[in-house]
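# Structure assessment
As a plain string of letters, each chain reads:
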Amino acid sequence: MSDIDTFEIFLTAAPGLEAALLAEVREAGFAAAKSVPGGVTVQGDWREVWRANLCLRGAARVLARIGEFRAFHLAQLDKRARKFPWGEVLRKDVPVKVEVTTNKKSKIYHAGAAAQRVEKALVESFGATLSKEAALTLKLRIDDNMCQFSVDTSGEGLHKRGHKSAVGKAPMRENLAALFLRDCGFDGREPVVDPMCGSGTFVIEAAEIALGLVPGRSRSFAFEQMASFDADAYAALKAELPPQEVDISALHFYGSDRNAGAVEMATSNAARAGVTAITQFSHHAVSDLMPPEGPAGLVIVNPPYGARIGNKKLLFALYGALGKTLMERFSGWRVGIVTSETGLAKATGLPLLPLGAPVAHGGLKIRLFKTAPLR
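Predicted model, so just to flag it, every value in this text is computed and none were measured.

## Here's the deal with helix α8 (residues 260-273)
End to end, α8 covers 20 Å across 14 residues, agreeing with the expected 20 Å (1.5 Å per residue, within 8%). Listed in full, the buried residues belonging to α8 are A262, V263, M265, A266, N269, A270 and A273. Angular distribution of buried residues about the axis of α8 spans 160°; they occupy a single face of the element. Close packing links the buried residues of α8 with α6 (201-211), β9 (253-257) and β10 (279-283). Where α8 begins, the capping side chain belongs to N259, and its oxygen is found 2.7 Å from the backbone nitrogen of G261.

## Section: the side chain of H163
Mapped onto the elements of the fold, H163 is located in the loop between β7 (146-152) and α5 (174-183). Within polar-contact distance, the side chain of H163 engages the side chain of E208 at 2.8 Å. Each residue touching H163, except ones within four places of it in the same chain, is listed here: E208, P215, R217, S218, N269, R272 and A273.

## Considering the sheet that holds strand β6 (residues 136-143)
Hydrogen bonds between backbone atoms are what pair the strands of a sheet, whose relative direction is either parallel or antiparallel. The strand order β2-β3-β1-β4-β7-β6-β5 describes an open sheet built from seven strands, whose pairing is mixed. What marks the edges here is a single partner per strand, and that holds for β2 (31-36) and β5 (96-101). Direction aside, neighbouring strands of the sheet carry axes that sit 25° apart on average. Strand contacts of helix α1 (residues 18-27): β1 (7-12), β2 and β3 (39-44), with the helix running at about 175° to β2, the strand carrying the most contacts. Across the sheet, helix α3 (residues 74-82) lies against β4 (61-70), β6 and β7, angled at about 110° from β4, the strand it touches most.

## Here we look at the nonpolar core
Counting residues in each nonpolar core, the largest one holds 113 residues, and the members touching the most others are L11, I66, W86, L138, F180 and F253. No other element matches the seven residues that α6 contributes to this core. With residues up to four places along the chain from it excluded, the contact list for F180 reads L17, M172, F202, I300, V338, V359, I366 and L368.

## With respect to the pattern of salt bridges
Taken as a whole and judged by the stated rule, the model has 21 salt bridges. We note a salt bridge from R82 to E124, for which the minimum N-O separation is 2.8 Å. One end of the pair, R82, is in helix α3; the other, E124, is in helix α4 (residues 111-126), with 42 residues separating them in the sequence. Here R161 makes a salt bridge to E205, at a shortest N to O gap of 2.5 Å. Linking R161 in the loop between β7 and α5 with E205 in helix α6, this pair joins segments that are 44 residues apart in sequence. Look at the salt bridges and you will find they share partners, linking R57, R161, E205, E208 and R217 into a network.

## Some details on the environment of F186
As for its placement among the helices and strands, F186 is situated in the loop between α5 and β8 (192-194). Among the residues examined, F186 registers a relative accessible area of 8% and is labelled buried. Separated by 24 residues in sequence, F186 and A210 have C-alpha atoms that sit 9.5 Å apart. Leave out the neighbours within four places in its chain, and F186 touches L181, V192, A206, I209, F253, L298 and R334.

## Concerning the sheet that holds β10
The mixed open sheet is built from seven strands, whose spatial order is β10-β9-β8-β11-β12-β14-β13. In the strand order of this sheet, the two ends are held by β10 and β13 (359-361), each with one partner. Along the sheet, successive strands turn relative to each other by an average axial angle of 20°, direction set aside. Pairing geometry for β8 and strand β11 (residues 298-301), over two bridges, is parallel. Looking at β11, one finds that V192 is bridged to L298. Those strands touched by α5 are β11, β12 (334-339), β13 and β14 (364-370), and its axis lies near 30° from that of β14.

Conventions used here
- Residues numbered from 1 in each chain as written.
- Predicted model: local features only at pLDDT ≥ 70, side-chain atom pairs only at ≥ 80, totals over all residues.
- Heavy atoms only, no water.
- Helix = DSSP H or I, 4+ residues; strand = E, 2+ residues; numbered from the N terminus.
- Expected span 1.5 Å × (residues − 1).
- Buried < 20%, exposed > 50% of the residue type's maximum accessible area, 1.4 Å probe, protein only.
- Arc of directions from axis to C-beta.
- Contact = heavy atoms within 4.5 Å.
- Polar contact = N/O pair within 3.5 Å; in protein donor to acceptor, adjacent residues only side chain to side chain.
- Pairing = 2+ DSSP bridges.
- Axes fitted to C-alpha atoms, helices over the stretch in contact; angles between N-to-C directions.
- Core = buried A, V, L, I, M, F, W, Y, C linked by side-chain atoms within 4.5 Å.
- Salt bridge = Lys/Arg side-chain N within 4 Å of Asp/Glu carboxyl O.

Structure follows, in C-alpha cells:
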C-alpha cells in the first residue's frame, strides 16, 4: 500500500439499509461513495478510516481493503502472501486472527485450507502473533481467483457506542436505529417519541444526533493497534471535529415503556451518553401516551414482533391500541414502526406509505413501516 495514498474502504450495513448509509456517507463528505450489496464503498486514506469509525452512525464495521492478488492454488496463495507488505498495516506484537470466505467460482474453494496457508505465511514471513480471540481480524475474500485482503479496523461492532451497559430483550442496534431515524426524515431538529422505548436506543440516538455528538467518542477501535496508526494524528482529527452550537431549550426527546425496569435502564443509558438534559423517560402503557407540548415530530417504535418476544396473537391488540392512540392524539406527527410482521403493522390501522426494502436483522427480515404526517 505504500505506493498509493488512498485505497478502498468498505463500510458494512445490514442488507436493505445500503441507501440510507450511502446518504449519510455522502453527507459526511467521504470520497467516491458507492452503494454495493451489504454496504457502501468509499476511497480514502487511514485518516478517513479513523473518521469513518469515529463519526458514522449507520455503519456496522469499517473494513480497509489493503491489497489483492490472483491465486489459482494454495501454493501460489502461500507464495504471494509471504511477499505481501504486512508490516505497513500489522504489528508483530498485536495478535491477529484470519477469516476466509471463498466460493466455487475460485480454484481455491476450501476456506479452512486457505486460512491455514495465510496464517503460516504471516508467522513465517512476518513474525505475526496469531490468536483466535484477537481483537484484530484479517479478512481474505477469494472470488473468481482474486484474493482480496481487508482489515476489520473497528474491532467490536460499531453499534456498541461505548456508553450503554444495560440492554433489554431483542434490542434495536444503535446503527440500525440511526439509519431508521434517517429514513424517517429525522435531522435532529424535531421532537421524537418512542412509546415502547426498552433500553432507550431510538431516543438516545436521536438526542445524540441533535447535539452533534460523534457516536464513537466513548470507545476504542481495533485500528489503534495497527502499524498504520498515528496517535498524534488521531488526536488532531478528534480535535478538529467542530462542536455544534445547539439551543437545547428547543430540543426534547421522549421515551416510555410499560416496564418500569426498562425506563430505569433507559434513564441510566441516557446519563452515560450525556443526553440527560434533553431526554425524558416515563413509565406507562401505550394507551396512556400523550403528545408532548410543542411542535409535532416523529413517533418511532420497535414493538415486539412475536418472533422472540410475546405471543403473536396477543400482539394484534397491542398494535391496534398503538394505532388508535396515535390516530386520536398525534395529529401532525409522522410515524415509523419497525417490525417483521406486515399483518401486525396493518393492525395499527395507520395510513402506511409504500414499503421499502426488508432489512436483515438477527436472522429476521424486518421492515420500517412509515406514515406521512397524521391527520
